[in-house]
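# Structural description and commentary
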Amino acid sequence: MDTSKSMTPDDIAALLSELNETVSEPEPVKTIETSIPDTSDPGHVMTPDEIAALLANL
């Protein structure tokens, strides 16, 4: 491609058309449905599931 040549509107349209064909839709972000453990009680003994949810949210 000659970089010093000016692009015509048709050249730009063709280039954008090629780009649109190669770009796919982004995949939606998957959310992890975990409950955040209640940390307001300092004497609460956390379950393994609560520990895993806490570490997953770090």
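Structure shown above.
To keep things clear, this report deals only with the structure shown in the data block. Everything numeric in this text was worked out from a predicted model, so none of it was measured.

Another aspect to go through is the overall build of the chain. Looking only at helices and strands, the chain features two helices and zero strands. Buried positions account for 5% of the 58 residues belonging to the chain. With the model as given, the accessible surface of the chain reaches about 5,700 Å², and the carbon-plus-sulfur share is 59%.

Let us look at the pattern of salt bridges. With the rule as written, the count across this model stands at one salt bridge. Lys-5 serves as the salt-bridge partner of Asp-11, at 3.6 Å between the closest nitrogen and oxygen. Accessibility expressed as a relative area gives 30% for Asp-11, which makes it partly exposed. Residue classification places Lys-5 among the exposed positions, given a relative accessible area of 52%.

Let us now look at a nonpolar patch on the surface. Where nonpolar side chains cluster on the molecular surface, the patch consists of Met-7, Ile-12, Leu-15, Leu-16 and Leu-19 and spans about 420 Å² of accessible area. Along the polypeptide, Leu-19 turns up in helix α1 (residues 9-22). Under the relative-accessibility criterion, Leu-19 is labelled partly exposed at 43%.

Along the polypeptide, His-44 turns up in the loop between α1 and α2 (48-56). Classification of His-44 by relative accessible area gives partly exposed; the value is 36%. Polar contacts involving the side chain of His-44 include one to the side chain of Glu-50, which spans 2.9 Å.

About the thresholds
Residues numbered from 1 in each chain as written. Predicted model: local features only at pLDDT ≥ 70, side-chain atom pairs only at ≥ 80, totals over all residues. Heavy atoms only, no water. Helix = DSSP H or I, 4+ residues; strand = E, 2+ residues; numbered from the N terminus. Buried < 20%, exposed > 50% of the residue type's maximum accessible area, 1.4 Å probe, protein only. Areas by Shrake-Rupley, 256 points an atom, 1.4 Å probe, with all protein chains shown as cover. Salt bridge = Lys/Arg side-chain N within 4 Å of Asp/Glu carboxyl O. Patch = residues over 30% accessible without salt bridge, like charges linked within 9 Å, V, L, I, M, F, W, Y side chains within 5 Å. Polar contact = N/O pair within 3.5 Å; in protein donor to acceptor, adjacent residues only side chain to side chain.

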